[in-house]
Amino acid sequence: MKGKRAVLVLGMHRSGTSAVSRFVNMLGFDLGEHLMEAREDNPKGFWENSAIIRFNEELMSADGIRWDSIDSNIDKTINRGLAEKSQKSAHAIIQKEFSSNDIVIKDPRLCRLLPVWQKLLADLEFDVIPVLVIRDPTAVARSLEKRDMMPTNRGLLLWLLYTFEVLDYLGRPPILVDYDVLMQDADTGLASLRQLNPERYAACVAQYNDEFLSSELYHHEQQPAETALAEIAQHIASDLLSVNLLVMKEKLLQALVAVYTASEESPETQRLYDDLSSAKAHSAQLDLERAKYDEYVADLNAKNREMEGYAEALTSSLEEKDEYVTSLTASVEEKDEYVTSLTASVEE
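Described in the following lines is the structure provided in the data block. No experiment lies behind these values; they were computed from the predicted model shown. (Residues numbered from 1 in each chain as written. Predicted model: local features only at pLDDT ≥ 70, side-chain atom pairs only at ≥ 80, totals over all residues. Heavy atoms only, no water.)

### Comments concerning empty space enclosed by the protein
In step 1: By the definition in use, this model includes 1 cavity of 30 Å³ or more.
In step 2: By volume, the largest cavity amounts to about 50 Å³.
In step 3: Around the largest cavity, the lining residues are Gly 11, Met 12, Ser 15, Cys 111, Leu 132, Val 133, Ile 134, Trp 159, Tyr 162, Thr 163 and Val 166.
In step 4: Where the lining of the largest cavity is concerned, the elements lending two or more residues are strand E3 (126-134) and helix H7 (152-169).
In step 5: If you tally residues by element for the lining of the largest cavity, the top one is H7, at 4 residues. (1 Å grid on protein atoms, 1.4 Å probe; cavity = no way out; pocket = protein on both sides within 12 Å on 5 of 7 lines; lining within 4 Å. Points joined across faces, edges and corners; volume = space filled by probe spheres on them. Helix = DSSP H or I, 4+ residues; strand = E, 2+ residues; numbered from the N terminus.)

### What to know about the layout of surface pockets
In step 1: By volume, the second largest pocket is sized at about 440 Å³.
In step 2: Forming the boundary of the second largest pocket are 17 residues, of which Arg 54, Phe 55, Glu 58, Ser 89 and Ile 93 lie nearest the centre.
In step 3: Elements that contribute at least two residues to the lining of the second largest pocket include exactly helix H2 (50-61), helix H4 (84-97) and helix H13 (267-347).
In step 4: A per-element tally of the lining of the second largest pocket places H4 first, with 6 residues.
In step 5: Here the residues of the lining of the second largest pocket are counted per class, giving 6 nonpolar, 2 polar and 9 charged. (Nonpolar A, V, L, I, M, F, W, Y, C, P; charged D, E, K, R; others polar.)

### Looking at the environment of Gly 81
In step 1: Tracing the chain through its elements places Gly 81 in helix H3 (residues 75-82).
In step 2: Overall, Gly 81 belongs to the buried group, its relative accessible area being 0%.
In step 3: Separated by 32 residues in sequence, Gly 81 and Leu 113 have C-alpha atoms that sit 8.0 Å apart.
In step 4: In this structure Gly 81 touches Leu 59, Ser 86, Gln 87 and Val 116, once residues within four positions along its chain are discounted. (Buried < 20%, exposed > 50% of the residue type's maximum accessible area, 1.4 Å probe, protein only. Contact = heavy atoms within 4.5 Å.)

### Here we look at the pattern of salt bridges
In step 1: Enumeration over the complete set of coordinates arrives at 12 salt bridges.
In step 2: A salt bridge links Lys 88 to Glu 84; the shortest N-O distance between them is 3.2 Å. Of this pair, Lys 88 and Glu 84 are both found in helix H4, 4 residues apart, which corresponds to roughly one turn of the helix.
In step 3: For Glu 84, a relative accessible area of 56% translates into the label exposed.
In step 4: Note that Glu 165 is salt-bridged to Arg 112, the shortest N-O span being 2.6 Å. With Glu 165 in helix H7 and Arg 112 in helix H5 (residues 110-123), this pair connects stretches of sequence that are 53 residues apart. The residues Glu 165 and Arg 112 share a single accessibility class, namely buried.
In step 5: When salt bridges with common partners are traced through the structure, they connect Glu 57, Asp 107 and Arg 109 into a single cluster. (Salt bridge = Lys/Arg side-chain N within 4 Å of Asp/Glu carboxyl O.)

### Focus on the packing of helix H1 (residues 17-26) against helix H10 (residues 198-211)
In step 1: Contact geometry of H1 with H10 gives a least axis separation of 9 Å together with a crossing angle of 135°. Taken together, the axis directions place H1 and H10 in an arrangement best described as oblique. Every pair of crossing elements has a handedness; the one defined by H1 and H10 is right-handed. Note on element contacts: H10 touches H1 through Arg 200, Tyr 201, Cys 204, Val 205, Gln 207 and Tyr 208, opposite Ala 19, Val 20, Arg 22, Phe 23 and Met 26.
In step 2: Residue classes in the contact of H1 with H10 are distributed as 8 nonpolar, 1 polar and 2 charged. (Axes fitted to C-alpha atoms, helices over the stretch in contact; angles between N-to-C directions. Parallel < 35°, antiparallel > 145°, perpendicular 65-115°, else oblique. Left-handed = near helix turned anticlockwise from the far one by under 90°.)

### Description of the pairing of strand E1 (residues 4-10)
In step 1: Where burial is concerned, most of E1 is hidden: 6 out of the 7 residues are buried.
In step 2: Sheet topology places E1 next to E3; 7 bridges connect them, and they run parallel. Each residue of the ladder has a partner; that of Arg 5, found in E3, is Asp 127.
In step 3: The pairing of E1 with strand E2 (residues 102-106) spans 5 bridges and is parallel. Note on E2: the bridge partner recorded for Leu 8 is Ile 105. (Pairing = 2+ DSSP bridges.)

So this is what it looks like as structure tokens:
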């Protein structure tokens, strides 16, 4: 019997994880029942499960952590996610959302929460297959700057933070996908994913080129580094699986956080970004709560329709019984008349 497989699409925000998640889905991997809707900043869709996003955001927000927080230590959040209560909640999501033995989960937050999902999926007897999507870090930073007004240095630092953490958490070598290569030549860029479904790969690449791939997915190409931080990030991206990177992680991240904190970023600009980011996070949370409410209302409506159907069936059954009782009463009355007639005849 074929075993269960869970592909985890990993990578920093704006790295092309949505494009890769869609292709894995085309190869036959289930994304789950409820997906996030496309938005202006991602017109082709996010291809990620809204229930899983909600779980990850709630897990992080409990400690005041957002997707763009530069906290280099979120062990407290990881430990909460590994606790029995959180694992049961995540288990319920998998059971409710997915109906296939081959599933794909994509959320950039997985880079920071990977141990939580690795444990859960292993307990559910899935073979966990990590797919790490890499994009030039300066392009990621420029994309974040355009979408979120995020300072470039913060975007580069977040790329480093996500990248170091996911490399630290991985329990096996990942399948690597270079988004910059993918956007130039889909067959070459996606070749590492052939192993997921060799039989369907060629047909899926052709369909992907025709129906999904578009220049609107690629606004920011790789450019030469203009700062020392950008140069460091690009150097790391070019040699991503080097063992030496993991050794230098703590000292490098601490130094970079210190440099960023003491950088020449305008305090006013930083305050404006923080205010904007908080507002967007609050808006996203409201969207998640609204989606949860809509699901609740949909469930209530379904149950209400079920009860209405039961009531109609019960009413119909009662009407049939009333007709039977009326018929029986008429029959009894006929028999009474017959008995009365018979009695009168006997008396005569």
